[in-house]
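Fold and contact review
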Amino acid sequence: MPPATEAEREPSYLAVSNVIKRFGASTVLDSLSLAVGRAEFVSLLGPSGCGKTTLLRLIAGLLTPDQGAIEVGGRDLTRVAAHRRNIGVVFQNYALFPHLTVAENIAYGLKAKGVPRADQAKKVTEALGLVRMEAFADRAVTALSGGQQQRIAVARAIVVEPSLLLLDEPFSALDRKLRETMQIELRHILRNLGITSIFVTHDQDEALVMSDRIAVMNEGRIEHLGTPSEVYARPKSLYTMEFVGQSSRIAGVVKGGQDGLVEIDTPFGLIRAPGNFLVGSKVVVGVRPEAIAAGEGPASDYNMVRGTVAEVIYFGSRTLLHFRTSRETDRLHVELNRLPDQVEPGTEMTVRWRIEDSRLFPAPAEAPQ
Ligand SMILES: Nc1ncnc2c1ncn2[C@@H]1O[C@H](COP(=O)(O)OP(=O)(O)OP(=O)(O)O)[C@@H](O)[C@H]1O
Ligand SMILES: [Mg+2]
């Protein structure tokens with residue numbers, strides 16, 4: 001099933017409305033709004049310090065906003081204490097109780113909720129089954145590997161059937177292979193249980209793989225909220241284009257245009273891109289590296305530029321070429337599945353990409369032209 005469009009999605013289950021959070025003189029969240037549908041998995045993706053954990057802590061009730069409101073399932077939680085929100089949290093450092101066994105850790109929340117003993121045991125066994133850790137019930141949590149502890153932290157958070165699950169970089173301590181396995185597993189579990197989840201990460205691949213939608217954050221604001229393919233293929237801003245995935249970027253000045261296409265004067269020659277900018281506007285053209293191919297194509301459909309290879313980076317299944325640019329802010333990166341013969345640093349070659357694969361953005365104020 002294709003992902004629902006904005007209009008088809010049900011009214012928001014989690015609604016964060018115009019939330020402002022200040023620490024002293026610094027505004028960490030700046031009138032931020034976010035609406036998440038029931039059973040949706042949304043990632044908060046952004047660089048260190050952009051306010052991801054702060055937003056999570058506000059939703060969990062561990063912080064209070066200076067302004068704005070937070071609702072879950074139509075209930076205003078803004079002033080409700082954390083332990084009365086029925087929100088599960090998985091922190092980056094697991095925060096398991098070291099003196100308790102695996103089963104006791106998972107049962108902790110059930111006890112606090114007053115779930116009868118017999119039901120506790122059943123629910124703990126079910127939760128252990130979900131994360132495939134049944135055999136570890138009586139193990140001390142200190143005697144588990146990082147990945148196993150992470151599974152227990154997830155089991156402990158979902159066993160109480162939270163109305164919302166918040167995960168703050170839960171896999172950052174795991175090695176790459178294990179992280180990739182956990183990403184797929186967790187996604188599978190949460191989808192089956194239909195738990196609405198907010199997942200913090202600064203790993204773009206993790207966000208692309210796991211999410212129904214991604215909220216790309218920048219300095220306390222959401223820069224772009226969209227499905228992984230929307231955010232990757234049609235980024236709303238240069239910031240999003242650069243933060244999610246690799247991209248080439250070439251700055252230039254609009255020379256002319258008609259019918260929704262503009263011509264841009266750049267150090268690589270004239271480049272055409274879809275968009276409407278006034279003649280004289282300073283712009284940046286962004287292109288994904290896999291959209292660029294070696295060699296020429298029909299000029300009616302393609303931008304073609306000639307350049308000199310600066311670096312050849314071999315990835316096994318593909319090779320990335322970095323081209324020389326005359327300005328530090330420009331970048332021309334080309335990803336090829338098969339490397340043409342005799343391409344090495346210094347090789348001159350022509351590359352092409354479809355005009356429609358060019359994304360056009362206003363130049364950032366500080367970019368030199
Ligand atoms: N309790 C606090 N008091 C003062 N400043 C804080 C506090 N908590 C966070 N900040 C500041 O707020 C900003 C956002 O912090 P936050 O922890 O939300 O970032 P983050 O996006 O989660 O970053 P990271 O990826 O490094 O975890 C940072 O500049 C941080 O220093
Ligand atoms: Mg954080």
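Residues numbered from 1 in each chain as written. Chains lettered and ligands numbered in written order. Predicted model: local features only at pLDDT ≥ 70, side-chain atom pairs only at ≥ 80, totals over all residues. Heavy atoms only, no water.

Here the focus is the side chain of serine 211. Take serine 211: it is sitting in the loop between α6 (204-210) and β9 (213-218). Of the residues examined, serine 211 reaches a relative accessible area of 9% and is grouped as buried. Engagement of the side chain of serine 211 in a polar contact is seen with the side chain of serine 43, the distance being 2.6 Å. At 2.5 Å, the side chain of serine 211 forms a polar contact with the backbone oxygen of alanine 207. (Helix = DSSP H or I, 4+ residues; strand = E, 2+ residues; numbered from the N terminus. Buried < 20%, exposed > 50% of the residue type's maximum accessible area, 1.4 Å probe, protein only. Polar contact = N/O pair within 3.5 Å; in protein donor to acceptor, adjacent residues only side chain to side chain.)

Within the secondary structure, arginine 191 is located in helix α5 (residues 176-193). With a relative accessible area of 53%, arginine 191 lands in the exposed category. Of the polar contacts made by the side chain of arginine 191, one reaches the side chain of aspartate 212; its length is 3.4 Å.

Let us now look at the sheet that holds strand β3 (residues 41-45). On the basis of which strands lie adjacent, the open sheet formed by six strands has the order β6-β7-β8-β3-β9-β10 and mixed pairing. Because the sheet does not close on itself, it has two edges, and the strands there are β6 (87-90) and β10 (221-226). Taken over all neighbouring pairs, the strand axes of this sheet differ in orientation by 20° on average, direction set aside. Here β9 pairs with β10 via five bridges, running antiparallel. When the sheet's bridge partners are listed, methionine 217 is paired in β10 with isoleucine 222. (Pairing = 2+ DSSP bridges. Axes fitted to C-alpha atoms, helices over the stretch in contact; angles between N-to-C directions.)

If you trace the five strands from one edge of the open sheet to the other, you get β13-β12-β11-β14-β20, paired in antiparallel fashion. Taken across any chain shown, the strands that pair with only one partner, and hence form the sheet edges, are β13 (269-274) and β20 (359-362). The sheet shows a mean angle of 45° between the axes of neighbouring strands, direction not considered. Taken together, the six bridges between strand β11 (residues 248-258) and strand β14 (residues 282-287) define a ladder with antiparallel strand orientation. Looking at β14, one finds that valine 253 is bridged to lysine 282.

Domain boundaries in the chain define domain 1 (14-242) and domain 2 (246-362). Here the C-alpha centre of domain 2 lies 38 Å away from the C-alpha centre of domain 1. Both sides of the domain 1 and domain 2 interface together cover about 940 Å² of buried area, and 52% of this is carbon and sulfur. Between the two partners, domain 1 and domain 2, sit two salt bridges. Salt-bridge contacts for glutamate 242 lead to arginine 249; the nearest nitrogen and oxygen are separated by 2.7 Å. Applying the counting criterion to the domain 1 and domain 2 interface returns six residue pairs in polar contact (both at pLDDT 80 or more). Partitioned by chemical class, the residues of the side of domain 1 that touches domain 2 number six nonpolar, one polar and three charged. (Domains from an automatic or database assignment. Buried area = accessible area lost by both parts, 1.4 Å probe. Salt bridge = Lys/Arg side-chain N within 4 Å of Asp/Glu carboxyl O. Nonpolar A, V, L, I, M, F, W, Y, C, P; charged D, E, K, R; others polar.)

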